[in-house]
Amino acid sequence: MATVFNNTSLVRDDSFEGSLSTKDIQIAVQEVKVQDMPNSALMHRSLREQPYNVVSGHGSYFKLQDGREILDGCGGAAVTLIGHGNAEVKAAIIEQLDKISYVFTSSLITSSAEELAKCILEIPPGGFQHGLEKAYFCGSGSEATDAAMKFCTQYFFEKGEPQRKYFVSRRQAYHGSTVGSMSVSSYLARKVPYEDIVLPNTSFVSPAYAYQYQLPTETEDEYVRRLIEELDAKFQELGPQNIISFIAEPVGGATTGCVPAPKGYFLAVRKLCDKYGILLHLDEIMCGMGRTGTYFAFEHEGITPDIVTIGKGLGGGYAPIGGILVSKKCIDIIRQGTGAINHTHTYQNHPVMCAAALAVQKIVKRDELVIRVKEMGILLHQLLVETLQNCKYVGDIRGRGFFWGVEFVADKQSKASLPPSLGFGMRVVKRAFELGLAVYPGAGTVDGVRGDNVLIAPPYTISDTDLRKIVRLLREAYDSEETKLDLSLRVTG
Ligand SMILES: *Cc1c(COP(=O)(O)O)cnc(C)c1O
């Protein structure tokens, strides 16, 4: 079967060949017709539907061309940390532009890049000892994933273990859309046409996703043990001496919808990787930079990674920027070896993009926004539970800080998913948007095809009132779609 729904835009994907009813298709066609189809020169995610034009943004809101104000309940894709239109960031960007906008990093650098690295890696008094020594900045999360994959490969090359060639990651994970990062991702919908060009040296194990995969007969400890046994078996199958890295999101992102790992999972993963000298690469592109209530999501797990990828919230929406953070352990090997990082981009450490990210991160630190996320995250969780838990099709509410996923199910007892053809998550998201709320849709939550979720990831600066408004509008959107779903299920069931 082809892909289900275009997961990241408010658009119905025409490649779907599931069991859409005639009425569904009629509705879909109507939706397409209602929209104007200007002959855009831009290659949008959909050739069928024109995205809404946004004319301005301020704080937790952005404004559409038709005058509507939308409350940004998901910070785009968990990107916006300090809201839209921040004057300090704007000033910092202009200040850098006034100095210099570009230098070629083969022999030149600017202090905006140096300071950004310092700002991210600096450990405040009493802070978490992360063991990370150096940062490298590129243009996106996907580029960061590729950079990390190459860095880890070079690490073993210089360490005298050039036979290592495998990457192990998890199903239901997303690490990016370049060929390299896509190869270690299993966001099925985004891989469909590319099966023959993905890297062959990748392997996948189960996600750590208790709600759907922990057995009713199993304790949390037993579930963790089973996951680790599976990982160990995968390592054995490939030969542990042949594996470069294990790649995982500390809190699952766009695919599973904000799933934290069961207690003890990452500690056990760390131990197992150490046993075989396999590098632990944590993808914090979505869940990092304070999103989960600690600056790094791995702090919750009490472990230190060998390499970390960051993106999204790093630039907070003010600059297209991603990066890798590398541990002293890894840097030492290169330091003692060639001393040369064999991976570059023309725009790496770009002065203006680093100045923008630096301004964002300085505000996050100065205004203690991570502590705010941690504290207000408790309220957000409470509100979501109070408002949504008893809804007929709400199966699970999980997450941390300002990073929450609501998973929809057909049946709370069996946790069976809704028919993907109904696109329920997407419908809730669309309805919410009509009501003036942006939330992030997820489909294929459970196994790449089945499962719906919506993701809530507000700016760290959101007001108490607007936080409550997110949950209220989400419930309203859910309610209006629940009635239609009842009907559809009767038709298809
Ligand atoms: C978004 C994302 C990426 C890819 O980042 P891009 O900036 O879109 O290239 C990688 N990993 C995770 C966990 C993400 O959420």
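Computed from a prediction, not measured in an experiment: that's the story for all the values here.

Rules used throughout
- Residues numbered from 1 in each chain as written.
- Predicted model: local features only at pLDDT ≥ 70, side-chain atom pairs only at ≥ 80, totals over all residues.
- Heavy atoms only, no water.
- Helix = DSSP H or I, 4+ residues; strand = E, 2+ residues; numbered from the N terminus.
- Buried < 20%, exposed > 50% of the residue type's maximum accessible area, 1.4 Å probe, protein only.
- Polar contact = N/O pair within 3.5 Å; in protein donor to acceptor, adjacent residues only side chain to side chain.
- Contact = heavy atoms within 4.5 Å.
- Near = heavy atom within 4 Å.
- Areas by Shrake-Rupley, 256 points an atom, 1.4 Å probe, with all protein chains shown as cover.
- Nonpolar A, V, L, I, M, F, W, Y, C, P; charged D, E, K, R; others polar.
- Phe/Tyr/Trp six-rings, centres within 6.5 Å; stacked < 30°, edge-to-face > 60°.
- Lys NZ or Arg CZ within 6 Å of the ring centre and 35° of its normal.
- Pairing = 2+ DSSP bridges.
- Axes fitted to C-alpha atoms, helices over the stretch in contact; angles between N-to-C directions.
- Parallel < 35°, antiparallel > 145°, perpendicular 65-115°, else oblique.
- Left-handed = near helix turned anticlockwise from the far one by under 90°.
- 1 Å grid on protein atoms, 1.4 Å probe; cavity = no way out; pocket = protein on both sides within 12 Å on 5 of 7 lines; lining within 4 Å.
- Points joined across faces, edges and corners; volume = space filled by probe spheres on them.
- Patch = residues over 30% accessible without salt bridge, like charges linked within 9 Å, V, L, I, M, F, W, Y side chains within 5 Å.
- Salt bridge = Lys/Arg side-chain N within 4 Å of Asp/Glu carboxyl O.
- Domains from an automatic or database assignment.
- Buried area = accessible area lost by both parts, 1.4 Å probe.

This part takes up the side chain of Q172. Note that Q172 resides in the loop between β5 (166-170) and α6 (179-183). Taking relative accessible area as the criterion, Q172 reaches 6% and is therefore assigned buried. Only 2.7 Å separates the side chain of Q172 from the backbone oxygen of G444, close enough to count as a polar contact. The residues touching Q172, leaving out its near neighbours within four places in the chain, are S186, P207, E249, T255, T256, G444, T445, V446, D447 and G448.

We now examine the site of the ligand. Close to the ligand lie S140, G141, S142, Y174, H175, G176, E249, D283, I285, M286 and K312. Between an oxygen atom of the ligand and a side-chain N or O atom of S142, the distance comes to 2.5 Å. A distance of 2.7 Å separates a nitrogen atom of the ligand from a polar atom in the side chain of D283. In isolation the ligand offers 380 Å² of accessible surface; the protein chains occlude 83% of this area. Its residues assigned to classes, the shell around the ligand shows three nonpolar, five polar and three charged.

The final tally for this structure, using the stated rule, is 14 aromatic pairs. Taken together, a centroid distance of 5.0 Å and an interplanar angle of 85° make the contact between Y265 and F266 edge-to-face. Under the relative-accessibility criterion, Y265 is labelled buried at 2%. Take F266: its relative accessible area is 1%, and that puts it in the buried class. Their ring planes at 85° and their centres at 4.9 Å tell us that F408 and F424 sit as a pair that is edge-to-face. Taken together, the positions of F408 in strand β12 (residues 403-408) and F424 in helix α13 (residues 424-434) put the pair 16 residues apart, joining distant regions of the chain. The pair F408 / F424 is uniform in exposure class, with both members buried. Taken together, the ring pairs connect F128, Y295, F296 and F298 into an aromatic cluster. One residue, R164, lies across the ring of F156, its end atom 4.4 Å from the ring centre.

Pairing is mixed across the open sheet formed by four strands, whose spatial order is β1-β2-β3-β13. Each end of this open sheet is capped by a strand with a single partner; those strands are β1 (54-58) and β13 (437-438). Pairing of strand β2 (residues 61-64) with strand β3 (residues 69-72) involves three bridges; the strand directions are antiparallel. From the neighbouring strand, K63 faces β3, where its bridge partner is E69.

Once that is clear, we can look at the packing of helix α5 (residues 141-159) against helix α10 (residues 328-336). Put simply, α5 and α10 touch, their axes get as near as 9 Å, and they point 50° apart. When the axis of α5 is compared with that of α10, the two are oblique. As for how α5 packs across α10, the hand of that crossing is left-handed. Between α5, through F151, Q154, Y155, E158 and K159, and α10, the contact on the second element is made entirely by K329, C330, I331, I333 and I334. Looking at side-chain class alone, the contact of α5 with α10 contains six nonpolar, one polar and three charged residues.

Evaluation of the coordinates by the stated rule reveals four cavities of 30 Å³ or more. In this structure, the largest cavity spans a volume of roughly 100 Å³. What lines the largest cavity is a set of 14 residues, and nearest its centre among them are R170, P207, A208, G252 and T256. Class assignment of the residues belonging to the lining of the largest cavity gives a composition of eight nonpolar, three polar and three charged.

Before going further, it helps to spend a moment on a nonpolar patch on the surface. Taken together, the side chains of Y102, F104 and Y347 define a hydrophobic patch exposed on the protein surface, amounting to about 330 Å² of accessible area. Within the secondary structure, F104 sits in the loop between α3 (87-99) and α4 (111-121).

A few words on the domain arrangement of the protein chain. Along its sequence, the protein chain is organised into domain 1 (52-84 + 369-492) and domain 2 (87-366). In this structure, domain 1 and domain 2 have C-alpha centres spaced 26 Å apart. Contacts between the two partners involve 37 residues from domain 1, matched on the other side by 39 residues from domain 2. Around 3,200 Å² of area is buried between domain 1 and domain 2 when both sides are counted, 57% of it from carbon and sulfur atoms. Among the residues domain 1 hides against domain 2, the three largest losses belong to I82, R400 and F403. Together they make up 23% of the total. Linking domain 1 with domain 2 are one salt bridge. E301 is the partner of R400 in a salt bridge, and the nearest nitrogen-oxygen pair spans 3.2 Å. Here domain 1 is connected to domain 2 by 21 residue pairs in polar contact (both at pLDDT 80 or more). Here the side of domain 1 that touches domain 2 gets five residues from one element, more than from any other, and that element is strand β11 (residues 394-400).

Here N349, not a glycine, exhibits a phi torsion of approximately 50°, which is positive. When you line up the elements, N349 lands in the loop between α10 and α11 (351-366). Among the residues examined, N349 registers a relative accessible area of 13% and is labelled buried. Positive phi, close to 50°, is recorded for E368, a residue that is not glycine. Topologically, E368 is positioned in the loop between α11 and α12 (369-388). Residue class for E368 comes out exposed when judged on its relative accessible area of 52%.

Now for α4. The complete set of buried residues in α4 reads S112, A113, L116, A117, C119, I120 and L121. In this structure, the buried residues of α4 make contact with α3, β4 (132-138), β9 (307-310), β10 (322-327) and α11.

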